[in-house]
Amino acid sequence: MDLSFQIERLLNSFSMTSEWGCIPLPSNWDHARYLPNKWKDYIEVLPNSLNERSYQKWVNDLPDLRPESLPTDRMAWEAWMRMLSMIAHAGLVRISDWKEHGVPARIAVPWYATAQELNRPTVIGHPSLVLFNGKHLADSDDYSLASVGVDGQFLPDPDEAWFYRITWQIERLGAFIHVSLAQLALMKDAGEEDAFVSILGGIDRQLAIVISMLNRMYDGCDPAVFYHKIRPYLSGFEGLQFRGLEGQPRLTFAGGSAAQSSLLQALDAGLGGASPESGHPFLKEMRAYMDPGHRSWVAWLEAHPLGSCLRKSSGPVRQAWLETLERVVQFRNEHLKMVATYILQFSEKAPGTGGTAPDVFLRTVRNRTRKVMDQ
Ligand code: HEM
C-alpha cells in the first residue's frame, strides 16, 4: 500500500490529517451557525468588556437552553464548548459572585454536559482557544499570517487574537512534523538509513520555521496586555462550584496553555526525547486536556519502538537525531525567553495559565530533553 495513503489513514484514525495536522476541517468552519440564537451574541458581547452588572444582566437574559437545542454533531459540540467556556471564564473574571459562589446553573449544566461529550475537562483549553478558534481565510497553500482569522475572544485587543493566531499557525506548520513522525514510525523496519536521515532533517528544518513563528509573538502581542489583561481569562480554578449539577461538585482544573498542544509531546514521544519515565508529570496531566484523538496519537507514538530505536541508533542516523533534538531544545530555550518576557518580568512568582511555576517547570523539561542526548 502507498506510504502516503498509510500515513493519511493512520493520522485520520487520530482525528488528524496530513495537510492540516491537528487543525479540524473545514479549516474555515463557521462555528456561529451551530449556536442557538442570542447565545451566539457572546462573540460581540465579550469583547465589549461589559462591566460586572451589564455582563450579569446579559447572562440572565439569555434564553433557556432546551434539550432539543443540544448539538447533534462533533463540530457543533466544539462550537458549544468554546461558547460556554468563554462565557464562564469571562464571568469568573468579571462577576465577583461567580468566583465566590460558583458558576450559575444555566451555564454550568450545559458546559459540564458538553465537556463530558467531548471527553475533556470543563475548562477552557488549547482545543477551544486555538484549534477550534483559528480559521483559515484563504487558499490552502497560503501560509501567511494574514490568512489566519479568529472567531472568539474575550477582549477587544488585537493582541489577544494575535496570541491565538500565532499558536494556530504553529499547529498548522506542525502538520508536516506529524506526517514525518508517522513516516518514521511506519518505515522503522525498512532499514533505509538515507530515508531516515532525510526525514529527520525535514523535521529539523520545519522546527526552525516553527521557532521563527513562535518569535513573531512579539510583533503583535504586547507583554503587558498579555500579562494584565489576557492571562486572567485563561486561568484555571481550584474547588470551583458548578451549580445545578447533582451534588454541586467543586472542580479543579488547569487553565488554557499550549502545554495542551500535542505537537511537542508528539515530538518527544516519537523521537524518544522524553520517555514516559523521564517526562514531566505535568505534561502527562495536560494530555487529558487534549482532543482525545490527539491524546491517543501521543500515546501511540510513545508505545511505538521508534523512540527507543532512535536512542540506540548510530552513525548518520544518530547524528541527524541529535541535531533534531538540539532543535527541540532550541524551541524550549526560545519559549523560556518568551515566558520571561510575558510573565516573569512582571512577577517571578506568577503561575502559568496551566498552573505551573513556569521557570522551574520549563527548565526541567528542557534539561530532560538535553539529558537524553547525552546518554
Ligand atoms: C505569550 C506566549 C506564551 C507564554 C507566556 C507561554 C507560557 C507558558 C507557560 C507558563 C508554560 C508552563 C505551563 C503552564 O503553567 O501553563 C508553557 C508551556 C508550554 N508552552 Fe507556552 N507560552 C506561550 C506561547 C506558546 C506557544 C505559541 C507555543 C507553541 C505551541 C507554546 C508551547 C508550549 C509547550 C509545548 C509547553 C509545555 C512545555 C514544553 O513542552 O516545553 N507556548 N507555556
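Before reading on, note that the structure itself is shown above.
Residues numbered from 1 in each chain as written. Predicted model: local features only at pLDDT ≥ 70, side-chain atom pairs only at ≥ 80, totals over all residues. Heavy atoms only, no water.

Overview of the overall build of the protein chain
- What the protein chain contains, in helices and strands, is 17 helices and four strands.
- Here the C-alpha atoms of the protein chain give a radius of gyration of 21 Å, agreeing with the 21 Å that 2.2 N^0.38 yields for 375 residues.
- Seen through its principal axes, the protein chain has C-alpha atoms that stretch 65 × 50 × 45 Å.
- The buried share of the protein chain, reckoned over its 375 residues, is 57%.
- Taking contacts inside the protein chain between residues at least 6 apart in sequence as the whole, the part at least 24 apart equals 76%.
- Taken as two groups, the 38 positive and 43 negative side-chain charges of the protein chain have centres that lie 4 Å from each other. (Helix = DSSP H or I, 4+ residues; strand = E, 2+ residues; numbered from the N terminus. Rg over C-alpha atoms; globule rule 2.2 N^0.38 Å. Buried < 20%, exposed > 50% of the residue type's maximum accessible area, 1.4 Å probe, protein only. Contact = heavy atoms within 4.5 Å. Lys, Arg positive; Asp, Glu negative; His and termini not counted. Charge placed at Lys NZ, Arg CZ, Asp CG, Glu CD.)

Side note on the site of the ligand
- Ser257, Arg332, His335, Gly354 and Thr356 are the nearest of the 28 residues found near the ligand.
- The separation between an oxygen atom of the ligand and a polar side-chain atom of Thr356 is 2.8 Å.
- Listed by contribution, the elements that provide at least two residues to the shell around the ligand are α8 (158-187), α13 (281-286), α16 (315-344) and α17 (358-374).
- By residue number, the principal contributor to the shell around the ligand is α16, which donates seven residues.
- Residues belonging to the shell around the ligand are distributed by class as follows: 19 nonpolar, eight polar and one charged. (Near = heavy atom within 4 Å. Polar contact = N/O pair within 3.5 Å; in protein donor to acceptor, adjacent residues only side chain to side chain. Nonpolar A, V, L, I, M, F, W, Y, C, P; charged D, E, K, R; others polar.)

Observations concerning the packing of aromatic side chains
- Going through the model one piece at a time under the given rule, you end up with 19 aromatic pairs.
- A ring pair is formed by Trp20 and Trp168, whose centres lie 6.3 Å apart and whose planes are at 50°; its orientation type is tilted. Separated by 148 residues along the polypeptide, Trp20 in the loop between α1 (3-12) and α2 (42-45) and Trp168 in helix α8 bring together distant segments of the chain. Each member of the pair, Trp20 together with Trp168, is buried.
- A ring pair is formed by Tyr227 and Phe346, whose centres lie 4.7 Å apart and whose planes are at 20°; its orientation type is stacked. Here the residue Tyr227 occupies a position in helix α11 (residues 223-234), and Phe346 occupies one in the loop between α16 and α17, the gap between them amounting to 119 residues.
- Look at Tyr227 and you get buried, because its relative accessible area is 14%.
- Through a chain of ring-to-ring contacts, the aromatic side chains of Trp111, Phe237, Phe242, Phe253 and Tyr289 assemble into a single cluster.
- The positively charged end of Arg94 is found above the aromatic ring belonging to Tyr55, 5.2 Å away from the centroid. (Phe/Tyr/Trp six-rings, centres within 6.5 Å; stacked < 30°, edge-to-face > 60°. Lys NZ or Arg CZ within 6 Å of the ring centre and 35° of its normal.)

What to know about the coordination of the iron atom of the ligand
- Inspection of the coordination sphere of the iron atom of the ligand shows a single protein donor, His335 (NE2), at 2.1 Å.
- Tracing the chain through its elements places His335 in helix α16. (Donors = N, O, S within 2.8 Å, 3.2 Å for Na, K, Ca; no water.)

Thoughts on the nonpolar core
- Core analysis: the largest hydrophobic core is formed by 123 residues, its most contacted members being Tyr55, Ile87, Ile107, Phe154, Leu271 and Trp297.
- With 14 residues, the single largest contributor to this core is α8.
- Setting aside residues up to four positions removed in sequence, Leu271 forms contacts with Leu181, Leu184, Leu200, Gly307, Leu310, Trp321, Thr324 and Leu325. (Core = buried A, V, L, I, M, F, W, Y, C linked by side-chain atoms within 4.5 Å.)

Some words on unusual backbone geometry
- With omega at 0°, the peptide bond leading from Leu25 into Pro26 counts as cis.
- Examined against the element boundaries, Pro26 turns out to sit in the loop between α1 and α2.
- Located in the positive-phi region is Ser49, a residue other than glycine, with phi close to 50°.
- Looking at where Ser49 falls in the secondary structure, it is placed in the loop between α2 and α3 (52-60).
- With relative accessibility at 38%, the residue Ser49 sits in the partly exposed group.

Description of the packing of α3 against helix α4 (residues 74-94)
- Viewed as axis vectors pointing N to C, α3 and α4 meet at an angle of 150°, and their least axial separation amounts to 10 Å. Considering the relative orientation of α3 and α4, their crossing is left-handed. Contacts between α3 and α4 involve Glu52, Tyr55, Trp58 and Val59 on the former and, on the latter, Met86, Ile87, Ala90, Gly91 and Arg94.
- Across the contact of α3 with α4, the residue classes tally to six nonpolar, one polar and two charged. (Axes fitted to C-alpha atoms, helices over the stretch in contact; angles between N-to-C directions. Left-handed = near helix turned anticlockwise from the far one by under 90°.)

A look at the side chain of His304
- By secondary structure assignment, the location of His304 is in the loop between α14 (292-303) and α15 (306-311).
- At a separation of 3.4 Å, a polar atom in the side chain of His304 contacts the main-chain carbonyl oxygen of Ala185.
- In contact with His304, other than residues within four places in its own chain, are Ala185 and Lys188.

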